[in-house]
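In case you want the letters, here they are:
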Amino acid sequence: MKTTLGMACMLALCATGTARAATLDIVKERGVLQCGVSQGVAGFSAPDDQGNWTGFDVDFCRAVAAAVLGDPQKVKFVPLSTKERFTALQSGEVDLLSRQTTWTLSRDVDMGMSFVGVTYYDGQAFMTRKDLGVKSARELDGASVCTETGTTTEQNMADYFGANGIKYSVITFERPDQTIQAFSTGRCDVYTTDASALYAQRLALTDPDNYVVLPEVISKEPLGPAVRQGDDQWFKIVRWTLFALIEAEEIGITKDSVASLMEKGTATQKRFLGVDGEAGKELGLDMKWAGQAVAAVGNYGEMFERNLGTSSALKIDRGLNNLWNKGGLIYSPPAR
Ligand SMILES: N[C@@H](CCC(=O)N[C@@H](CS)C(=O)NCC(=O)O)C(=O)O
């Protein structure tokens, strides 16, 4: 019995082949979080001319750095293609993947990685030129379709078009700039990927108003951060950083109110901010970790609005990404 249990534990520890040092220790010793992001998608993760990264996925990396290292600037952003992203996590090149990645069964169980939760509930959609006069994805028979390789997109499209008896040809690319370039020069009639990415990519077109995103959403794409499998402490730190951002929105803590609420907040707010109580002590972080994350990037709603929301260039409605008590699916277990 003892032997069997020992073996099971060893296997769990060695899920990726070799035992590793704890990620928290590696990150603290390095003093920098290495975070895998996309190579440039507006609203999610894109560098400006000076190499400063901004976006929703970027902010999540910063929140984790703030929780763990007390400083949201202590992040090295590692741009990863759709193909590279999983090996970069498995090999230890990044500590965290925060990169428009859909949580699926096969990725969660076969690839040495674990999804910590959902940051954005998305779905796959289609964009076409308005002058094609297409009103529905069901009218796409004979279309040529551009998309990115190594994504959930190709399989979804094959399933959807197959089920609807639609013939199509596909051209795949490794970089989003290649895909949008091919699409804008007419190499394909349609661009398909996550709806949020289509709204982002449409901004890269010189004449965005000449394009339309069709109404059909053909898949579930719950996008979320992932960590290497087999390090429970790191998994919980990243997962609870996400929950903390969500809980902060629910209990009314914002980027600018963290400091004052530490003194004047309600009992719930003070507990969350680590002023009273010891919730989360065993995570191995400073007791103020949750407040540090929110002070860095704001709560979930602020993060969404700034990067993706109606006041941003993308103008995406909260929709499913609203809090559970406002008609959406965003929900944190109680942070106490
Ligand atoms: N959510 C899908 C698609 C993810 C994806 O990578 N989509 C493209 C859409 S533009 C992208 O983000 N590319 C960015 C890049 O390759 O840097 C998946 O996880 O497979």
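Conventions adopted
- Here the residue numbers are simple positions, counted from 1 along each chain's written sequence.
- Owing to the predicted nature of the model, reporting of local features is limited to residues with pLDDT of at least 70; listing and counting of side-chain atom pairs is limited to 80 or more, with chain, interface and lining totals taken over all residues.
- The side-chain figures draw on all heavy atoms in the structure; neither hydrogens nor water molecules are used.
- With a 1 Å grid laid over protein atoms only, a set of points is called a cavity when a 1.4 Å probe fits there but cannot get out and a pocket when it is open yet has protein on both sides within 12 Å along at least five of seven lines; lining residues have an atom within 4 Å of a point.
- Grid points are joined across faces, edges and corners, and a volume is the space filled by probe spheres set on the points.
- Each helix is a run of DSSP H or I of at least 4 residues and each strand a run of E of at least 2, with the numbering of both proceeding from the N terminus.
- UniProt positions are given in the numbering used here, feature names are shortened, and annotations may be inferred rather than shown by experiment.
- Whether a residue is near a molecule or strand depends on its heavy atoms: it is near if one of them lies within 4 Å of it.
- Residue exposure ignores everything except the shown protein chains as possible cover, and the areas themselves are Shrake-Rupley values with a 1.4 Å probe.
- Each molecule is checked against the cavity or pocket grid, and it sits inside if more than half of its atoms lie within 2 Å of the grid points.
- The residue classification treats Ala, Val, Leu, Ile, Met, Phe, Trp, Tyr, Cys and Pro as nonpolar and Asp, Glu, Lys and Arg as charged. All others, Gly included, are polar.
- Segmentation of the chain into domains, including their bounds, is taken from an automatic or database domain assignment.
- Residue contacts follow a heavy-atom distance rule, with two residues in contact if any of their heavy atoms lie within 4.5 Å.
- Summed over both partners, the accessible area lost on bringing two parts together, with a 1.4 Å probe, is the buried area.
- Each reported salt bridge corresponds to a side-chain nitrogen of Lys or Arg within 4 Å of a carboxyl oxygen of Asp or Glu.

Turning next to empty space enclosed by the protein. Under the criterion given, the structure shown has two cavities of 30 Å³ or more. Here the largest cavity is characterised by a volume of approximately 240 Å³. If you trace the largest cavity, you find 21 residues lining it, with Thr82, Arg99, Gln100, Glu148 and Thr193 closest to the centre. Of all the secondary-structure elements, those providing two or more residues to the lining of the largest cavity are β11 (190–194) and α8 (195–202). Element by element, the count of residues in the lining of the largest cavity is highest for β11, at three residues.

On to the UniProt feature "domain: Solute-binding protein family 3/N-terminal" (unreviewed entry) in the chain. Cross-referencing UniProt, the feature "domain: Solute-binding protein family 3/N-terminal" (unreviewed entry) maps to residues 32–261 in the present numbering. Taken end to end, residues 32–261 is 33% helix and 23% strand, and its first and last C-alpha atoms sit 28 Å apart.

Okay, the site of the ligand next. Taken together, 22 residues lie around the ligand, and Gln39, Arg99, Gln100, Thr102 and Asp194 are the ones closest in. Summarising the interface, the protein chains cover 100% of the accessible area of the ligand, which totals 490 Å² for the free molecule. Taken atom by atom, the bulk of the ligand overlaps the largest cavity. For the shell around the ligand, the secondary structure elements donating two or more residues are β11 and β13 (221–223). Element by element, the count of residues in the shell around the ligand is highest for β11, at three residues. Residues that form the shell around the ligand fall into these classes: six nonpolar, nine polar and seven charged.

To continue, consider the domain arrangement of the chain. Along its sequence, the chain is carved into domain 1 (23–119 + 224–252 + 296–317) and domain 2 (122–220). A separation of 26 Å is found between the C-alpha centroids of domain 1 and domain 2. Residue-level contacts link 16 residues of domain 1 with 15 residues of domain 2. In this assembly, domain 1 packs against domain 2 so that about 1300 Å² is buried in total across both faces, 57% of it on carbon and sulfur atoms. The largest share of the area that domain 1 buries against domain 2 comes from Gln39, Thr82 and Lys83, three residues that together contribute 34% of it.

What follows concerns the layout of surface pockets. The computed volume of the largest pocket comes to approximately 410 Å³. As for the largest pocket, its lining consists of 24 residues, and the residues nearest its centre are Tyr120, Tyr121, Asp122, Gly123 and Ala195. Secondary structure elements with two or more residues in the lining of the largest pocket: β7 (120–122), α8 and β13. Partitioned by chemical class, the residues of the lining of the largest pocket number 14 nonpolar, four polar and six charged.

In this structure the tally under the stated criterion is seven salt bridges. Across the pair Arg306 and Asp59 runs a salt bridge whose closest N-O atoms are separated by 2.6 Å. One end of the pair, Arg306, is in helix α13 (residues 300–307); the other, Asp59, is in helix α3 (residues 56–69), with 247 residues separating them in the sequence. In this structure, Glu249 and Arg318 form a salt bridge, with 3.0 Å as the shortest nitrogen-oxygen distance. Highlighted residues: Glu249 in helix α9 (residues 232–250) and Arg318 in the segment after α13, separated in sequence by 69 residues.

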